[in-house]
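# Topology and contacts: notes
Spelled out, the chains give:
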Amino acid sequence: MRQLVTVRTIAEVSPIEGADAIEKVRVDGWWCVTKKGEFKEGSKCLYFEVDSLLPPIPQFSFLEGRGRSKMIYEGKDIEGYRLRTVKLKGQISQGLCLPMSMFDDALLLEAATGQDLSSVLGVIKYEAPIPAGLGGEVKGVFPSFIPKTDEERVQNLPDIVSLHANEFFTVTEKLDGTSATFYKHDGAFGVCGRNWEYKDTVANVYWRVAKAMNLESKLPDYMAIQCEIIGEGIQGNPYKIKGHQARCFYVFSTDTGEYLSSAMAIEFCQMHNLQMVPVIMRDFCLVKGMGTNCVTIDDLLNMANRKSVLNPNTNAEGLVFRLNDLGGSSKVSFKAISNNYLLKHE
Ligand code: ATP
Ligand code: MN
């Protein structure tokens, strides 16, 4: 679950060239434009991440000018202010930093740093409506013996370079499609989306792809592949490909309960004639050196501003970094979403 609203500490305040009334502050790896003088380095703030849908309460009324967004949440129509990635005076601004003093809610003021406060404030995650045809008849919940797919945003991992200093990562292109998990377990073949396992019906895109790609016969027993399905009708098909493709990013053994390492997953896909997401680099080093030699979160975000390997006319959504470990029941990985992509797509 994403923590959309948290108490955080202002790590840095710095001017924006050519701007008098505003400046930028950094919370963890996020840059956010604020009123000049509102924060000092070290002050606490309430930080709202991008994709938050803020309720129309007085504290947020200054956002009214940007217009409201609508969505259906738990069956109800909801309206609110959606936080997108924006550029102000040439500076990327993501999320919203507000002084603690704007809120007198006791719960808030007692909150520990990092605790998620979205439900206290009625903030939910904005989700675009699910396109028709992507659902399908649900067979059951996502299998408990396979981890769900998800990636943390690098901006929320301010210590990543220290924690994995000088360690090597496999970098893949993050494709903008829909998450699919295909598995064979004890002879049974299963097809799942992000949160559900699906019944084999003609209308279901996950099953159609599985059949078109012969996944049931390609997958050895007790193996699962986690893929992004891209193509027509999915997220606007930015790659402009015909039909659909499932591109694998993780391989998991349902027998041992462990992920294959990146290197083994690459071999596995070659051996079983499965397509992977584009592999950009197999040995990217999180260099922790002095000064300019040190990889920063901003460097990783800049790396993500690139064209897609699948279609050079479109921006990549971003990159996913995974530590080159030996495989295991957990992995270290994170995503760097391209800010260029966000600015264009939102
Ligand atoms: P958020 O967490 O930002 O609210 P989200 O949970 O929908 O959004 P995504 O931004 O879609 O997450 O990022 C995680 C998803 O990225 C994974 O579930 C996976 O389906 C997809 N993905 C696409 N390409 C890759 C890749 N190369 N490696 C790993 N995951 C990838
Ligand atoms: Mn997520």
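Residues numbered from 1 in each chain as written. Chains lettered and ligands numbered in written order. Predicted model: local features only at pLDDT ≥ 70, side-chain atom pairs only at ≥ 80, totals over all residues. Heavy atoms only, no water.

### A closer look at a nonpolar patch on the surface
A surface patch of nonpolar side chains, amounting to about 290 Å² of accessible area, comprises Val-138, Val-141 and Trp-196. Tracing the sequence through the fold places Val-141 in strand β13 (residues 138–141). A relative accessible area of 60% places Val-141 in the exposed class. (Patch = residues over 30% accessible without salt bridge, like charges linked within 9 Å, V, L, I, M, F, W, Y side chains within 5 Å. Areas by Shrake-Rupley, 256 points an atom, 1.4 Å probe, with all protein chains shown as cover. Salt bridge = Lys/Arg side-chain N within 4 Å of Asp/Glu carboxyl O. Helix = DSSP H or I, 4+ residues; strand = E, 2+ residues; numbered from the N terminus. Buried < 20%, exposed > 50% of the residue type's maximum accessible area, 1.4 Å probe, protein only.)

### Some words on the sheet that holds strand β4 (residues 30–35)
Taken in spatial order, the three strands make up an open sheet running β2-β3-β4, and their pairing is antiparallel. In this open sheet, the two edge strands, each paired with only one partner strand, are β2 (12–15) and β4. Across the sheet, the axes of successive neighbouring strands diverge by a mean angle of 30°, strand direction being ignored. Where β2 meets strand β3 (residues 22–27), four bridges bridge the pair, whose relative direction is antiparallel. Residue pairing in the sheet places Pro-15 in a bridge with Glu-23 of β3. (Pairing = 2+ DSSP bridges. Axes fitted to C-alpha atoms, helices over the stretch in contact; angles between N-to-C directions.)

### Details of helix α6 (residues 262–271)
Residues of α6 that are buried include every one of Ser-262, Ala-265, Ile-266, Phe-268 and Cys-269, and no others. Along α6, the residues classed as buried sweep out an arc of 160° about the axis, all on the same side. In α6, the exposed residues that point more than 90 degrees away from the buried face are Glu-267, Gln-270 and Met-271. Residue Asn-273 follows α6 closely and has a positive phi angle near 60°. (Arc of directions from axis to C-beta.)

### Here we look at the sheet that holds strand β22 (residues 279–285)
Here five strands make up an open sheet; going across it, the order is β14-β24-β23-β15-β22 and the pairing mixed. Whereas interior strands pair on both sides, the edge strands pair on one side only; in this sheet they are β14 (152–153) and β22. As judged from the four bridges shared by strand β15 (residues 168–174) and β22, these two strands associate in the antiparallel manner. Residue pairing for β22: Val-171 is matched across the bridge by Met-281. Contacts from helix α7 (residues 297–304) reach β22, β23 (318–323) and β24 (333–337) within the one sheet, and its direction differs from that of β24 by about 65°. (Contact = heavy atoms within 4.5 Å.)

### A look at the nonpolar core
Most often, soluble globular proteins keep nonpolar side chains buried together rather than apart. Ranked by internal contacts, the top residues of the largest apolar core, which has 29 residues, are Phe-182, Phe-189, Leu-215, Ile-225, Ile-229, Val-251 and Phe-268. Of the residues forming this core, the biggest block, five residues, is contributed by helix α4 (residues 205–212). One finds Leu-54, Tyr-81, Leu-98 and Phe-103 within the second-largest nonpolar core, a separate group that totals 19 residues. (Core = buried A, V, L, I, M, F, W, Y, C linked by side-chain atoms within 4.5 Å.)

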